[in-house]
Amino acid sequence: MTIKEKQQEIIDEFAFLEDWEQKYEYIIDLGKELKGLSDDKKTDENLIKGCQSKVWIDAEFKDGKLFFNADSDGILPKGIVSLLVSIYSGHSTQEILDSDFDFISEIGLQEFLSPSRANGLMAMTKQIKFYAVAYQLKS
């Protein structure tokens with residue numbers, strides 16, 4: 001499934017949720033499904049700067065694709081980063097660089113978040129793009 005198809009799937013799922021309480025619960029449930037990171041991956045290098053909670057994103061380049069895993073000490077940020085991991089993990093660096101994050105505004109996520117959490121979300125998306133650039137330069 002392409003990144004765009006995964007984004008559309010998320011947009012469609014959010015459209016069925018009637019209010020922000022249900023959307024909030026959905027995001028939290030996504031976080032509960034996230035594998036998480038071992039303590040040795042929870043490093044300053046993987047820590048996302050600008051998040052209210054601690055959020056870590058780790059990337060591994062394998063067979064021409066980037067695979068992300070993440071964790072957070074907060075339930076909502078863990079759900080948000082889980083959403084991003086589910087969309088962008090398993091794609092080539094070029095696919096990630098060519099993609100956009102418009103689905104975030106389409107589902108209204110930024111409007112739902114406090115300003116500091118919205119800043120954290122933007123920091124997470126920048127880190128995903130940063131990993132794609134870094135691994136593309138290495139290959």
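Residue positions are given per chain, counting from 1 as you read along its sequence in written order. Owing to the predicted nature of the model, reporting of local features is limited to residues with pLDDT of at least 70; listing and counting of side-chain atom pairs is limited to 80 or more, with chain, interface and lining totals taken over all residues. Only hydrogens and water are removed before side-chain values are computed, so all heavy atoms of the structure are retained for them.

## Some words on the environment of D40
Step number 1: Numbered from the N terminus, helices here are DSSP runs of H or I no shorter than four residues, and strands are runs of E no shorter than two. Its place among the elements puts D40 in the loop between α2 (20–33) and β1 (55–62).
Step number 2: Any N or O atom pair separated by 3.5 Å or less is treated as a polar contact, with the protein-specific requirement of one donor-capable and one acceptor-capable atom, and with residues adjacent in sequence counted only for side-chain atom pairs. Among the polar contacts listed, one links the side chain of D40 to the side chain of S38, at a separation of 2.2 Å.

## Re helix α1 (residues 3–16)
Within an α-helix, residues lying three or four positions from one another point in the same direction, as the helix has 3.6 residues per turn.
Step number 1: Helix span, expected: 1.5 Å multiplied by one less than the number of residues in the helix. Under the 1.5 Å per step criterion, the end-to-end length of α1 is 21 Å for 14 residues, consistent within 8% with the ideal 20 Å.
Step number 2: Taken as a whole, α1 has its buried residues at I3, K6, Q7, I10, I11 and F14. Projection of α1 onto a plane perpendicular to its axis shows the buried side chains occupying an angular sector of 145°, all on one side. Set apart from the buried face of α1 by more than 90 degrees, the exposed residues are K4, A15 and F16.
Step number 3: Throughout, a residue-residue contact means that at least one pair of heavy atoms, one from each residue, lies within 4.5 Å. Looking at the packing, one finds that the buried side of α1 touches α2, α3 (75–88), α4 (93–98) and α5 (102–106). In this scheme, a residue with accessible area under 20% of its type's maximum is buried, one over 50% is exposed, and one in between is partly exposed, where area comes from a 1.4 Å probe on protein chains only. Think of the arc as the fan of directions from the helix axis to the C-beta atoms.

## A word on the packing of aromatic side chains
Step number 1: To pair, rings of Phe, Tyr and Trp, with the six-membered ring standing in for Trp, must have centres within 6.5 Å; the planes then decide the type, stacked if under 30 degrees apart, edge-to-face if over 60, and tilted in the middle. Counting across every chain of the model gives seven aromatic pairs.
Step number 2: A ring pair is formed by F61 and Y135, whose centres lie 5.7 Å apart and whose planes are at 20°; its orientation type is stacked. Here F61, found in strand β1, pairs with Y135, found in helix α7 (residues 115–138); they are 74 residues apart in sequence, far enough to count as distant.
Step number 3: Judged by its relative accessible area of 31%, F61 is partly exposed.

## Let's talk about the pairing of strand β2 (residues 65–72)
Step number 1: Across the eight residues that make up β2, a large majority, six, are buried.
Step number 2: Here β1 folds back onto β2 in antiparallel fashion, the turn holding two residues, of which D63 has a positive phi close to 55°. At least two bridges found by DSSP between two strands are what make those strands a pair.

## Describing a negative patch on the surface
Step number 1: Here, patches come from residues exposed beyond 30% relative accessible area and free of salt bridges, joined within 9 Å for like charges and within 5 Å for nonpolar side chains (Val, Leu, Ile, Met, Phe, Trp, Tyr). Where accessible areas are quoted, they stem from the Shrake-Rupley method and a 1.4 Å probe; at the residue level, only the protein chains shown are allowed to cover. Here, a salt bridge means any side-chain nitrogen of Lys or Arg that lies within 4 Å of a carboxyl oxygen of Asp or Glu. This count recognises Lys and Arg as positive and Asp and Glu as negative, with His and chain-terminal groups excluded. Charge placement uses NZ in Lys and CZ in Arg. For Asp and Glu, CG and CD serve respectively. Judged by side-chain charge, E18, D19, E21, E25, D29 and E33 come together as a negatively charged surface patch.
Step number 2: Along the chain, D29 turns up in helix α2.
Step number 3: On the accessibility criterion, D29 (40% relative accessible area) is partly exposed.

## Remarks on unusual backbone geometry
Step number 1: Phi is positive for D63, which is not a glycine, with a value near 55°.
Step number 2: Checked against the element boundaries, D63 lands in the loop between β1 and β2.
Step number 3: The class of D63 is exposed, set by a relative accessible area of 75%.

## A closer look at the UniProt feature "domain: Fe-S metabolism associated" (unreviewed entry) in the protein
Step number 1: UniProt positions are given in the numbering used here, feature names are shortened, and annotations may be inferred rather than shown by experiment. Mapped onto the present numbering, the UniProt feature "domain: Fe-S metabolism associated" (unreviewed entry) falls at residues 12–129.
Step number 2: Between the end C-alpha atoms of residues 12–129 there is a gap of 24 Å, over a span that is 53% helix and 14% strand.

## Here's the deal with the nonpolar core
Step number 1: Judged by nonpolar contacts, the single largest core of 40 residues is most densely connected at I57, F68, Y88, F103 and M124.
Step number 2: Those elements that provide at least two residues to this core are α1, α2, β1, β2, α3, α5 and α7.
Step number 3: Apart from the residues lying within four places of it in its own chain, the contact partners of Y88 are I3, Q7, L66, F68, I96, S99, D100, F101, F103 and I128. To define a nonpolar core, start from buried Ala, Val, Leu, Ile, Met, Phe, Trp, Tyr and Cys residues and group those joined through side-chain atoms within 4.5 Å.

## Quick notes on the pattern of salt bridges
Step number 1: The final tally for this structure, using the stated rule, is four salt bridges.
Step number 2: Ionic pairing is found between K4 and D100, a salt bridge with its closest N-O pair at 3.7 Å. Separated by 96 residues along the polypeptide, K4 in helix α1 and D100 in the loop between α4 and α5 bring together distant segments of the chain.
Step number 3: The exposure class assigned to K4 is exposed, which follows from its relative accessible area of 52%.
Step number 4: Linking D71 and K78 is a salt bridge whose minimum nitrogen-to-oxygen distance equals 3.4 Å.
Step number 5: On the basis of relative accessibility, which here comes to 21%, the residue K78 falls in the partly exposed class.

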